[in-house]
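Each chain, written out:
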Amino acid sequence: MAKIISAAEAAAMIQPGSRIAIGGFLAVGAPETIIDAIVELGTKDLHMIVIASDWETRGVGKLVVNHLIKSAQVSHLGTNKAIQAQMNAGEISIELIPQGTLMERVRAYGAGLGGVLTPTGLGTVVEEGKQIILLEGKSYILEPAIASDFAIIRAQKADKLGNLTYSKTARNSNPIMAMAGKITIAEVDEIVEIGELDPELVVSPGVFVNYIVITKEQ
Amino acid sequence: MANDKRAMIGARIAKELKDGDYVNLGIGLPTEAVNHIPKGVQVLFQSENGMLGVGPNPAAGEEDKDMINAGGGFITALPGASFFDSATSFAIIRGGHIDATVLGALQVDMEGNLANWMIPGKMVPGMGGAMDLVTGAKKVIVAMEHCDKNGNSKVLTKCNLPLTAKAKVSLIITDMAVLQVTPEGLVLCEIAEGLSVDDVIKATEAKLIIPQNVKYF
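These notes cover the structure that comes with them. Values in this document were obtained by computation on a predicted structure and should not be read as measured data.

Residue and element names in this part refer to chain A. With antiparallel pairing, three strands are arranged side by side in an open sheet as S6-S8-S7. The strands lining the two open edges of the sheet, one partner per strand, are strand S6 (115–118) and strand S7 (132–135). Sheet twist, expressed as the average angle between the axes of neighbouring strands with direction ignored, equals 35 degrees. Sheet topology note: the S7/strand S8 (residues 138–144) ladder contains four bridges and is antiparallel. Note on S8: the bridge partner recorded for Leu135 is Lys138. Strands in contact with helix H5 (residues 99–110) are S6 and S8; relative to S6, the strand with the most contacts, it is inclined by about 150 degrees.

Next up, the structure:
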């Protein structure tokens, strides 16, 4: 059973230094209410695992603008000047990861795997310092799983077991991040009774979800 | 780039896309191709944030906040569209299920190497999904201006910017020419109307193989 809590209670669980996998793609499908609560609390030195650093005023970009992030594993920074400035000033350390590799590394952690073998990045700076594995005549980069303490995600509906449905392209990284948190907190538009969600339409099974927060976003 | 040149490149990209193809277009110039798919040809466009069957941009006032493409622009869904998570999206890409991807480039070279994700010390936006796309798509097409804004050739003997992928590009479509990457080198297949073969050779740092008949496009 997932527990229904407030955004402030969710934010209070996160400690300085926590590693947080956060869902969303350019802030679409981002857990804005929980992000705002973290900003309000001002918890610093966070490590974030995200597809992109979003916009200065939307999504995880707000954590960056408020200087709460000390390091990030991310595939794209291009829409957020603040993170590039903080990176150039040495305030934030960045590991840039190809987006598909990032998703598989996070998924691997949630799935109990040590890592994945991928051809993406061969012959580029991405392979530097990594083990290359030859398997049946093909080369792959060994990419380790990415661990996280918390996953903070956004879904459309949750039932009280934490089963989740999503909306259109707001699904994006959310079901993957949901698998990977030692503690997973889902921000949702609506909470329904057990039995109200068609099991065929559940995308994230409730087993992955520990806490549910109702969104304040309009 | 002038609109007529963008349209010319878009039309030429569209010729590479076949009925039933699954295609991923990079942001910017490659998306011009959408406007040039002939009637009766069905091409399904993927957006790597998690969708197949991307439709046209919505009319003003009809945008859906949960419907964006990988560039953050609002989109619509065509009949037969599907949504999926990011890992599935990149399984589609990396697993070889995308027939063609069309991407912009900072540099491309004779061996089909592509650089399009960073300029050290200047621009570090990150690779996003580009490395996976170039690694996994069955056909990688580069669509770009032939020269940069200072007039320097972007078609090189060897890329000197950090690579996106090694030896994956098969076709280069620019405002001046269409070049095929072959084991022997770059073949000048077509030149833009109004240009000569010499114009293209002069604007290209890489050595070109010139066939007997170079067509116009």
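Time to look at the pairing of strand S2 (residues 44–47) of chain B. All names here are of chain B. Going residue by residue along S2, you find Leu44 and Gln46 tucked away on one face and Phe45 and Ser47 tucked away on the opposite face as well. Across three bridges, strand S1 (residues 22–25) lies against S2 in parallel orientation. The residue bridging Tyr22 from the neighbouring strand is Leu44, located in S2. Of the pairings in the sheet, the one linking S2 to strand S3 (residues 51–55) comprises two bridges and is antiparallel in character. Across the sheet, Gln46 pairs through a bridge with Leu52, a residue of S3. In textbook terms, the turn of a hairpin is the stretch between consecutive antiparallel strands, and for S2 and S3 this stretch comprises three residues, one of which, Gly50, has a positive phi near 130 degrees.

Turning to helix H1 (residues 3–15) of chain B, a few remarks are in order. Residue and element names in this part refer to chain B. The end-to-end C-alpha distance of H1, which contains 13 residues, comes to 19 Å, matching closely the 18 Å that a straight helix rising 1.5 Å per residue would cover. Ile9, Gly10, Arg12, Ile13 and Ala14 are the residues of H1 that are buried. Structurally, H1 contributes buried residues whose contacts are with strand S5 (100–103), strand S8 (139–144), strand S10 (171–174), strand S11 (177–182) and strand S12 (185–191).

With 38 residues of chain A in contact, the opposing surface of chain B contributes 33 residues. Summed over both sides, the interface of chain A with chain B buries roughly 2800 Å², with 64% coming from carbon and sulfur. In this structure, the connection of chain A to chain B is made through one salt bridge. Between B:Asp64 and A:Lys168 there is a salt bridge, with the nearest N and O atoms lying 2.4 Å from each other. For the pair chain A and chain B, the interface holds 15 residue pairs in polar contact (both at pLDDT 80 or more). Breaking the side of chain A that touches chain B down by element, the ones donating at least two residues are strand S4 (69–76), helix H4 (81–88), H5 and helix H6 (174–180) of chain A. Looking at which element gives the most residues to the side of chain A that touches chain B, the answer is H5(A), with six residues.

Right, let's get into the pairing of S10(B). Residues and elements named next belong to chain B. Residues Leu171 and Ile173 line one face of S10 and the alternating positions Ile172 and Thr174 line the opposite face, and both faces are buried. By the bridge criterion, four bridges tie S8 to S10 in an arrangement that is parallel. Note on S10: the bridge partner recorded for Ile141 is Leu171. Here three bridges tie S10 to S11, and the two strands are oriented antiparallel to one another.

The rules behind the values
Residues numbered from 1 in each chain as written. Chains lettered and ligands numbered in written order. Predicted model: local features only at pLDDT ≥ 70, side-chain atom pairs only at ≥ 80, totals over all residues. Heavy atoms only, no water. Pairing = 2+ DSSP bridges. Helix = DSSP H or I, 4+ residues; strand = E, 2+ residues; numbered from the N terminus. Axes fitted to C-alpha atoms, helices over the stretch in contact; angles between N-to-C directions. Contact = heavy atoms within 4.5 Å. Buried < 20%, exposed > 50% of the residue type's maximum accessible area, 1.4 Å probe, protein only. Expected span 1.5 Å × (residues − 1). Buried area = accessible area lost by both parts, 1.4 Å probe. Salt bridge = Lys/Arg side-chain N within 4 Å of Asp/Glu carboxyl O. Polar contact = N/O pair within 3.5 Å; in protein donor to acceptor, adjacent residues only side chain to side chain.

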